[in-house]
Amino acid sequence: MKLRVGIPKGSLQDATVALFKRAGLNVYISSRSYFAGTDDPEIECMLIRAQEMARYVEHGALDCGLTGRDWVLENGLDVVTAAELPYAKQSMGKVRWVLAAPEESSFQTPEDLAGKIIATELVNVTRNYFVTRKIPVKVEFSWGATEVKPPTLADAIVEITETCSSLRANRLRIIDTVLESSTQLIANKIAWTDADKRRKIDNLALMLCGAIHAQGRVGLMLNVRKQDLSAVLAVLPALQKPTVAPLSDGEWFAVNTIIEESTAWRIMPQLKSAKAEGIVEYPLNKVVL
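Description of the structure in this document. The structure presented is a predicted model; accordingly, all values stated were derived computationally and were not measured.

What follows concerns the overall build of the chain. For the chain, the helix and strand inventory stands at 9 helices and 16 strands. For 289 residues, the compact-globule estimate of 2.2 N^0.38 gives 19 Å, and the C-alpha radius of gyration of the chain, at 24 Å, exceeds that figure by more than 25%. Its C-alpha atoms give the chain principal-axis dimensions of about 80 × 50 × 35 Å. Burial analysis of the chain (289 residues in total) assigns 44% to the buried set.

What follows is the structure, given as structure tokens:
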């Protein structure tokens, strides 16, 4: 049994391959091929653009694939969402499709754009956005470089943004958020009902989510005397609760927990002041909740 997995080609490709590696599955991509091997002989990958992924998953050419919620909605296809995977090209989290217009324009609200031209790659979602608000506009498909089209080729745009830097560089001002989107692991409905494939998809989702949950977190372990345990635990934030285990002589305890990496600088001196000893910070690849 082979599980056919779609890897998004383009802006998400490198971030996806890196995520798979952190999850424990190396993906081997050749510059000359759209097919990729993995360490798991039961998983084979194909590089497909995120915009087309849901179509091939729905049709069964792929058993599952990674793409944005935005493209599933845009294409209106019937697939199963196996997992939410909040990562993007540059960061972990969601991205936004925003309605934006030139900074110097008079457009302040979506209603101000009545009768105007809106350029976007996300045509159907954008059209539905304006129809729902009963604002008549002309929505044109953009083949790329959408940010440069206002005001000459369009009055406003709907464009995806992660940091807003490209919008600022092109002197565009955000009017409204049209859609929030995150990456999803989607599955073909027939594959989802196949016990073996469902198990592989669930396992893939578990490990990918575990790699995402570990991002920005570190493990922390330390030793502390019994009489100082309460003071040490008062310092520690925890993913759930710290693991506390007695050591062989009964007077000492080992404490193990997970913290946000950004808090380690502040917490470790506090732990030392609370009389913790042997404090060790270590990296995490996966955190399975």
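When helix α9 (residues 264-273) is considered as a whole, its buried residues turn out to be Ala-264, Ile-267 and Leu-271. Projection of α9 onto a plane perpendicular to its axis shows the buried side chains occupying an angular sector of 70 degrees, all on one side. Residues Trp-265, Lys-272 and Ser-273 are exposed on α9 and point more than 90 degrees away from its buried face. Residues of α9 that are buried make contact with β13 (217-225), α8 (229-235), β15 (252-260) and β16 (277-283). Trailing α9 by a residue or two, Lys-275 shows a phi angle of about 80 degrees, which is positive.

With 5 of 7 residues buried, strand β1 (residues 3-9) is to be regarded as a mostly interior element. In this sheet, strand β5 (residues 64-68) lies alongside β1 in parallel orientation, the contact comprising 2 bridges. Paired with Val-5 across the bridge in β5 is Cys-64.

Here we come to the state of the cysteines. For the coordinates displayed, the defined rule picks out 0 disulfides. Cysteine Cys-209 shares no disulfide, and the gap to the nearest cysteine sulfur, in Cys-64, comes to 13 Å.

Apart from glycine, the bulk of residues carry a negative phi angle, and the bulk of peptide bonds sit in the trans form. Cis rather than trans, the peptide bond between Pro-150 and Pro-151 has omega equal to 0 degrees. The residue Lys-134 is not glycine, and still its phi comes out positive at about 55 degrees. Residues other than glycine seldom take positive phi values, yet Ala-145 does so here, at roughly 50 degrees.

Scanning the entire structure with this criterion turns up 3 aromatic pairs. Aromatic side chains Tyr-129 and Phe-130 sit 5.0 Å apart centroid to centroid with 90 degrees between the ring planes, which places their arrangement in the edge-to-face category. Arg-55 extends its terminal NZ or CZ atom over the ring of Tyr-56, reaching a point 5.5 Å from the ring centre.

Packing of helix α1 (residues 13-23) against helix α7 (residues 195-214) brings their axes to within 8 Å, and their N-to-C directions diverge by 100 degrees. In terms of their interaxial angle, α1 and α7 are classed as roughly perpendicular. Contacts between α1 and α7 involve Leu-19, Phe-20, Arg-22 and Ala-23 from the first element and Leu-204, Met-207, Leu-208, Ala-211 and Ile-212 from the second. Class assignment for the residues of the contact of α1 with α7 results in 8 nonpolar, no polar and 1 charged.

Together, Leu-206, Met-207 and Val-288 line one region of the surface with nonpolar side chains, adding up to about 230 Å² of accessible area. Position of Leu-206 among the secondary structure elements: in helix α7.

Bringing the pairing of β13 into the picture now. Across 9 bridges, β13 lies against β15 in antiparallel orientation. Paired with Val-218 across the bridge in β15 is Ile-259. Bridge count for β13 against β16 is 5 bridges, and the pairing is antiparallel. Pairing of Asn-223 across the sheet is with Glu-277, part of β16.

Before going further, it helps to examine the sheet that holds strand β7 (residues 95-102). Think of a sheet as strands paired side by side through backbone hydrogen bonds, with each pair either parallel or antiparallel. The strand order across the open sheet built from 5 strands is β9-β8-β10-β7-β11, with neighbouring strands paired in mixed fashion. Sheet topology places β9 (138-141) and β11 (172-181) at the edges, where each strand pairs with a single neighbour. Recorded for the sheet is a direction-independent mean angle of 25 degrees between the axes of neighbouring strands.

Enumeration over the complete set of coordinates arrives at 10 salt bridges. Across the salt bridge formed by Arg-55 and Glu-52, the nearest N and O atoms sit 3.8 Å from each other. Highlighted residues: Arg-55 and Glu-52, both in helix α2 (residues 50-59), separated by 3 residues, approximately one helical turn. Residues Glu-260 and Arg-217 are paired through a salt bridge, measuring 3.2 Å at the closest nitrogen-oxygen approach. Pair noted here: Glu-260 is in strand β15 and Arg-217 is in strand β13, with a separation of 43 residues, a long-range link. Beyond isolated ion pairs, a larger network of salt bridges with shared partners links Arg-4, Asp-63 and Lys-197.

Cut-off values and rules
- Residues numbered from 1 in each chain as written.
- Predicted model: local features only at pLDDT ≥ 70, side-chain atom pairs only at ≥ 80, totals over all residues.
- Heavy atoms only, no water.
- Helix = DSSP H or I, 4+ residues; strand = E, 2+ residues; numbered from the N terminus.
- Rg over C-alpha atoms; globule rule 2.2 N^0.38 Å.
- Buried < 20%, exposed > 50% of the residue type's maximum accessible area, 1.4 Å probe, protein only.
- Arc of directions from axis to C-beta.
- Contact = heavy atoms within 4.5 Å.
- Pairing = 2+ DSSP bridges.
- Disulfide = S-S within 2.5 Å.
- Phe/Tyr/Trp six-rings, centres within 6.5 Å; stacked < 30°, edge-to-face > 60°.
- Lys NZ or Arg CZ within 6 Å of the ring centre and 35° of its normal.
- Axes fitted to C-alpha atoms, helices over the stretch in contact; angles between N-to-C directions.
- Parallel < 35°, antiparallel > 145°, perpendicular 65-115°, else oblique.
- Nonpolar A, V, L, I, M, F, W, Y, C, P; charged D, E, K, R; others polar.
- Patch = residues over 30% accessible without salt bridge, like charges linked within 9 Å, V, L, I, M, F, W, Y side chains within 5 Å.
- Areas by Shrake-Rupley, 256 points an atom, 1.4 Å probe, with all protein chains shown as cover.
- Salt bridge = Lys/Arg side-chain N within 4 Å of Asp/Glu carboxyl O.

Take it as geometry only, folks, not as evidence of what the structure does.
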